[in-house]
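# Overview (structure and organization)
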Amino acid sequence: MSTTFQLDTSTSRANPTPAPMKRLTVPKIRRRKVDGVTEEPLVMLTAYTARQAQLLDAHCDMLLVGDSLGQVIYGLPSTIPVTLEMMANHGAAVVRGSYHSVVVVDMPFGSYEASKEQAFESASYLLKETGAAAVKLEGGEAMAETVEFLNKRGIPVMGHVGLTPQAVNVLGGYMARGRSDSEADKIVSDAKALDDAGAFAVVIEGVVEPIAIATTEAIGCPTIGIGASAKCDGQVLVTEDMLGMFERVPRFVKKYDDIAGMIEKTVETYAEEVRDRSFPGPEQTYQPKK
């Protein structure tokens, strides 16, 4: 029986125990869209750690190890400085912490744009080091040949069009895309090129809704919206954003809770108990045996 490893928190935070392999596959994700329709939208969230993956896994179809970890985890100003090694380390942790979702790892800036061969070297490294099922890369028609090259060599690829954060310096910021006719046409043609090249899904980010809908209708593979439309074939958000870990988030984020507030309040209580010496108490200390 094939097995993966899931951290068993009931015994030890670091003790892996085998669990039956029940993981979804890339072909199953692709087949969720039939004749242009996805009856049950695909659920995707970002994950960067094993424990986070554990908590998200049962509720998601896909977990994205996004290069957004540069900002979320490392406090970097953008995704540009993120390295392959960073993606590999976090990707491996997410795979270890999950057994159901398809794990997709972002290819960071500078790891695939130079050539098809560079992209294959980077993508194969990520899959070998992490055990993930697929990679994601940004870009449309310019990357279609690379997507086809990778797909034919056994590496599933998720595309990404519209607002592409790795191109923020060219785009001039994080504003919504597709407001002009030429830009709208390019987004649709970019997605078509990726679909034709064999991408199993395409993220549509920060695109005006009519263009997101038109793109979804124009291609055969599922679209994953983020700041796009509920009519996309699925949705993705940065988990820390939707949990309310940050005060400032993009306008397309819905905060489902205030985890930052909960953490702050809990830490405040802990600090008070340490200072008034009520922690640790009898339940948290060891006494001599009688």
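Here the structure is a predicted model, which is why all the values come from computation and not from measurement.

### A look at the overall build of the protein chain
For the protein chain, the helix and strand inventory stands at 11 helices and 12 strands. Out of the 290 residues in the protein chain, the part that is buried amounts to 49%. Long-range contacts, defined here as pairs at least 24 residues apart, represent 56% of the contacts in the protein chain between residues at least 6 apart. Accessible surface for the protein chain amounts to roughly 15300 Å². Of this, 54% is attributable to carbon and sulfur atoms.

### Focus: the packing of aromatic side chains
Tallying each qualifying case throughout the model produces one aromatic pair. With a centroid separation of 5.9 Å and 65 degrees between ring planes, the pair formed by Tyr270 and Phe279 is classed as edge-to-face. Residue placement shows Lys116 over the ring face of Phe149; its charged tip is 5.6 Å from the ring centre. A cation sits over an aromatic face here: Arg153 above Phe149, 3.6 Å from the ring centre.

### Some remarks on the pattern of salt bridges
Counted by the stated rule, this structure contains seven salt bridges. One salt bridge connects Lys33 with Asp233, and the closest N-O pair in it is separated by 2.9 Å. Residue Lys33 is located in strand β3 (residues 33–34), and its partner Asp233 is located in the loop between β11 (223–226) and β12 (234–237); the two are separated by 200 residues in the primary sequence. Like Asp233, Lys33 is buried. We note a salt bridge from Glu145 to Lys116, for which the minimum N-O separation is 3.4 Å. Note that Glu145 is positioned in helix α6 (residues 141–152) and Lys116 in helix α5 (residues 116–130), a separation of 29 residues in sequence. Among the residues examined, Glu145 registers a relative accessible area of 53% and is labelled exposed. Owing to a relative accessible area of 23%, Lys116 belongs among the partly exposed residues under this scheme.

### Quick word on helix α8 (residues 181–197)
Counted at 1.5 Å a residue, the expected span for α8 with its 17 residues is 24 Å, and the 24 Å between its end C-alpha atoms agrees. Check the buried side of α8 and you find it contacts α1 (26–30), α6, β9 (157–162), β10 (201–205) and α9 (209–218). One or two steps after α8, the chain reaches Gly198, where phi turns positive at roughly 110 degrees.

### As for helix α4 (residues 84–96)
Here α4 is 13 residues long and its end C-alpha atoms lie 18 Å apart, about the 18 Å a rise of 1.5 Å per residue gives. Within α4, 10 of the 13 residues are buried, leaving the element largely enclosed by the surrounding structure. For α4, the complete set of buried residues consists of Leu84, Met86, Met87, Ala88, His90, Gly91, Ala92, Ala93, Val94 and Val95.

### Comments concerning the sheet that holds β11
The strands making up a sheet are joined through hydrogen bonds of the backbone, oriented either antiparallel or parallel. Spatially, eight strands are ordered β5-β6-β7-β8-β9-β10-β11-β12 in a closed barrel, and the strand pairing comes out parallel. Taken over all neighbouring pairs, the strand axes of this sheet differ in orientation by 25 degrees on average, direction set aside.

### Some details on the nonpolar core
Core analysis: the largest hydrophobic core is formed by 74 residues, its most contacted members being Met62 and Phe200. Examining the composition of this core, we find that seven residues originate from one element, α8, more than from any other. Setting aside its immediate chain neighbours within four residues, Phe200 contacts Val26, Ile29, Arg30, Met62, Val104, Ala134, Pro156, Val157, Met158, Cys221 and Pro222.

### Digging into a nonpolar patch on the surface
Taken together, Leu243, Met245, Phe246, Ile263 and Val267 make up a surface patch of nonpolar side chains, about 380 Å² in accessible area. Looking at where Leu243 falls in the secondary structure, it is placed in the loop between α10 (239–242) and α11 (259–275). You can call Leu243 partly exposed: its relative accessible area is 31%.

### Concerning unusual backbone geometry
In this chain, Phe279 is followed by Pro280 through a cis amide linkage whose omega measures 0 degrees. In the Ramachandran plot, Asp35 falls in the positive-phi region, its phi being about 50 degrees despite a non-glycine side chain. Relative to the elements of secondary structure, Asp35 occurs in the loop between β3 and β4 (37–38). The backbone of Arg277 sits at a positive phi, close to 60 degrees, despite the residue not being glycine. In this fold, Arg277 is placed in the segment after α11.

### Quick word on the packing of α5 against α6
Put simply, α5 and α6 touch, their axes get as near as 9 Å, and they point 50 degrees apart. Judged by the inter-axis angle, α5 sits oblique to α6. Remark: the crossing between α5 and α6 carries right-handed chirality. In this structure, α5 contributes Lys116, Glu117, Ala119, Phe120 and Ala123 to the contact, and α6 contributes Glu145, Thr146, Phe149 and Leu150. Within the contact of α5 with α6, the residues separate by chemical class into five nonpolar, one polar and three charged.

Quick notes on the rules
Residues numbered from 1 in each chain as written. Predicted model: local features only at pLDDT ≥ 70, side-chain atom pairs only at ≥ 80, totals over all residues. Heavy atoms only, no water. Helix = DSSP H or I, 4+ residues; strand = E, 2+ residues; numbered from the N terminus. Buried < 20%, exposed > 50% of the residue type's maximum accessible area, 1.4 Å probe, protein only. Contact = heavy atoms within 4.5 Å. Areas by Shrake-Rupley, 256 points an atom, 1.4 Å probe, with all protein chains shown as cover. Phe/Tyr/Trp six-rings, centres within 6.5 Å; stacked < 30°, edge-to-face > 60°. Lys NZ or Arg CZ within 6 Å of the ring centre and 35° of its normal. Salt bridge = Lys/Arg side-chain N within 4 Å of Asp/Glu carboxyl O. Expected span 1.5 Å × (residues − 1). Pairing = 2+ DSSP bridges. Axes fitted to C-alpha atoms, helices over the stretch in contact; angles between N-to-C directions. Core = buried A, V, L, I, M, F, W, Y, C linked by side-chain atoms within 4.5 Å. Patch = residues over 30% accessible without salt bridge, like charges linked within 9 Å, V, L, I, M, F, W, Y side chains within 5 Å. Parallel < 35°, antiparallel > 145°, perpendicular 65-115°, else oblique. Left-handed = near helix turned anticlockwise from the far one by under 90°. Nonpolar A, V, L, I, M, F, W, Y, C, P; charged D, E, K, R; others polar.

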